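# Structural overview for review
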Amino acid sequence: MSDKYRVKEMVLTLQGEGAMAGTPVVLLRFEGCNLSCDFCDTDFTGTDGIGGGIFTTPGNLADAIEEKWISDTQVNILCTGGEPLLQLDPPLIKELRARSCKILLETNGTLKAPDGIHWICVSPKTNTIPLQNSGDEIKIVWPQKHMNPETFKKLNFNHFWIQPIFDKNYNENLETSIEYCLTHPGWRLSLQTHRFTGLP
Ligand code: SF4
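Okay, so let's go over this structure. For clarity, every value in this text was computed on a predicted model and none was experimentally measured. (Residues numbered from 1 in each chain as written. Predicted model: local features only at pLDDT ≥ 70, side-chain atom pairs only at ≥ 80, totals over all residues.)

## Topic: the overall build of the chain
Applied cut-off: Working definition: helices are DSSP H or I runs of at least four residues, strands are E runs of at least two. Numbering for both runs from the N terminus. Computation of the radius of gyration draws on C-alpha atoms, with the globule rule given as 2.2 Å multiplied by the number of residues to the power 0.38. Put plainly, a residue is buried at 20 or more neighbouring C-beta atoms within 10 Å of its own, exposed at 12 or fewer, and partly exposed in between, counting only other residues' C-beta atoms, which are placed from the backbone. This entry defines residue contacts through backbone-placed C-beta atoms, with two residues in contact when those atoms are within 7 Å.
In terms of helices and strands, the chain carries 4 helices and 9 strands. The C-alpha atoms of the chain give 17 Å as radius of gyration, which agrees with the globular expectation for 200 residues (16 Å, within 12%). Overall, the chain is about 50 × 35 × 30 Å in size when its C-alpha atoms are taken along their principal axes. For the chain, the proportion of its 200 residues judged to be buried stands at 35%. Considering only contacts within the chain whose residues lie at least 6 apart along the sequence, 55% involve residues at least 24 apart.

Structure (structure tokens):
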């Protein structure tokens, strides 16, 4: 139990992208990922970020999350990574729900989400099989080689996003993403607002 939950960072901020953009959240970035995408722009290694650490019980972690929250309204917790489903388990979900927290999840979809999560965003990656094939939103970072977003269009989601990869080719990626949305009905452009607000 001493290594139960490994958290890279934990910080109060605004969700930057997708349908929940602008919503106050405690961003809970778990350490580790089960993929190694060549376009990954996230540091999910170690527990040395702001608010990071090792939490030995669901209660310890929930206490730390609640300390980050500054209003007395319902706490939104954005579970991300890395791949949060490597660590977000039923005992932690139960603990957070008992405290009236709303649990938001960003996952690569390769693991099935446990019951009890309020909002699920799946961001599938090339050459993976999405075990989590339903939820609230699906977000394809774009362009990805050997990826056809239309194969995900039939899945049970409410929002379908194309989001330009944030790397040295960003302008080109943005242009390609806009073109995709213009030519493929049902897809909308997701921009990472935290890139220009300076928020985490
Ligand atoms: S799934 Fe996401 S966090 Fe993991 S390596 Fe790929 S882009 Fe990075």
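So much for the structure itself; the text now carries on.
## Considering the sheet that holds strand E5 (residues 102-107)
Note the following rule: The pairing criterion is simple: DSSP has to find at least two bridges between the two strands. Convention adopted: a line fitted to C-alpha atoms gives each axis, helices being fitted over their contacting stretch, and angles between N-to-C directions are expressed from 0 to 180 degrees.
Within the open sheet, the 9 strands sit side by side as E3-E1-E2-E4-E5-E6-E7-E8-E9. Their pairing is mixed. Of all strands in the sheet, those bounded by a partner on one side alone are strand E3 (53-55) and strand E9 (188-189). Across 4 bridges, strand E2 (residues 24-30) lies against strand E4 (residues 76-80) in parallel orientation. Opposite Leu-27, over in E4, you have Leu-78 as the bridge partner. Packed onto the sheet, helix H1 (residues 58-68) meets strand E1 (5-14), E2, E3 and E4 and runs at close to 20 degrees relative to E1.

## Details of unusual backbone geometry
Gly-81 connects to Gly-82 through a cis peptide bond whose omega is 10 degrees. A cis amide bond links Trp-142 to the next residue, Pro-143, at an omega of 0 degrees. Inspection of the secondary structure assignment puts Pro-143 in the loop between strand E7 (137-142) and strand E8 (159-164). Even without a glycine there, the phi angle at Asn-127 is positive, about 60 degrees. Along the chain, Asn-127 turns up in the loop between strand E6 (119-122) and E7.

## Side note on the site of the ligand
Worth spelling out the cut-off: In this analysis, residues qualify as near a molecule or strand once their C-beta atom, positioned from backbone atoms, comes within 6 Å of it. Just so you know the grouping, Ala, Val, Leu, Ile, Met, Phe, Trp, Tyr, Cys and Pro go in nonpolar, Asp, Glu, Lys and Arg go in charged, and all remaining residues, Gly too, go in polar.
Near the ligand the following residues occur: Cys-33, Leu-35, Ser-36, Cys-37, Cys-40, Thr-42, Phe-44, Gly-81, Gly-82, Glu-83, Asn-108 and Lys-125. Residue composition of the shell around the ligand, by class: 5 nonpolar, 5 polar and 2 charged.

## A few points about the environment of Leu-14
With respect to the helices, strands and loops of the structure, Leu-14 is situated in strand E1. Setting aside anything within four residues of it in sequence, one finds Leu-14 in contact with Gly-22, Thr-23, Pro-24, Val-25 and Leu-199.

## Examining H1
Quick note on the threshold: By arc we mean the arc of the directions from the helix axis to the C-beta atoms, nothing more.
Among the residues of H1, Leu-61, Ala-62 and Ile-65 are the ones counted as buried. The buried residues of H1 all sit within an arc of 100 degrees when viewed along its axis, so they share a single face. Buried positions along H1 lie against E1, E2, E3, E4 and helix H2 (90-98).

## Here we look at the pairing of E8
Taken across its 6 residues, E8 has 5 buried, putting it largely inside the fold. As defined by bridge partners, E7 adjoins E8 across 6 bridges and the pair is classed as parallel. Each residue of the ladder has a partner; that of Glu-137, found in E8, is His-159. As defined by bridge partners, E8 adjoins E9 across 2 bridges and the pair is classed as parallel. Its bridge partner lying in E9, Trp-161 is registered against Arg-188.

## A look at the packing of H1 against H2
Under the convention used in this document: By the definition adopted for this analysis, an angle is roughly parallel if under 35 degrees, roughly antiparallel if over 145, roughly perpendicular if from 65 to 115, and oblique otherwise. Definitions for this section: a left-handed crossing has its near helix turned counterclockwise from the far helix by less than a right angle. A right-handed crossing has that turn clockwise.
Closest axis-to-axis distance for the H1/H2 pair is 9 Å, and the angle between their directions is 45 degrees. Taken together, the axes of H1 and H2 are oblique relative to one another. The two elements H1 and H2 cross, and the hand of that crossing is right-handed. In this structure, H1 uses Pro-58, Gly-59, Leu-61 and Ala-62 to contact H2, whose residues at the interface are Pro-91, Leu-92, Glu-95 and Leu-96. Within the contact of H1 with H2, the residues separate by chemical class into 6 nonpolar, 1 polar and 1 charged.

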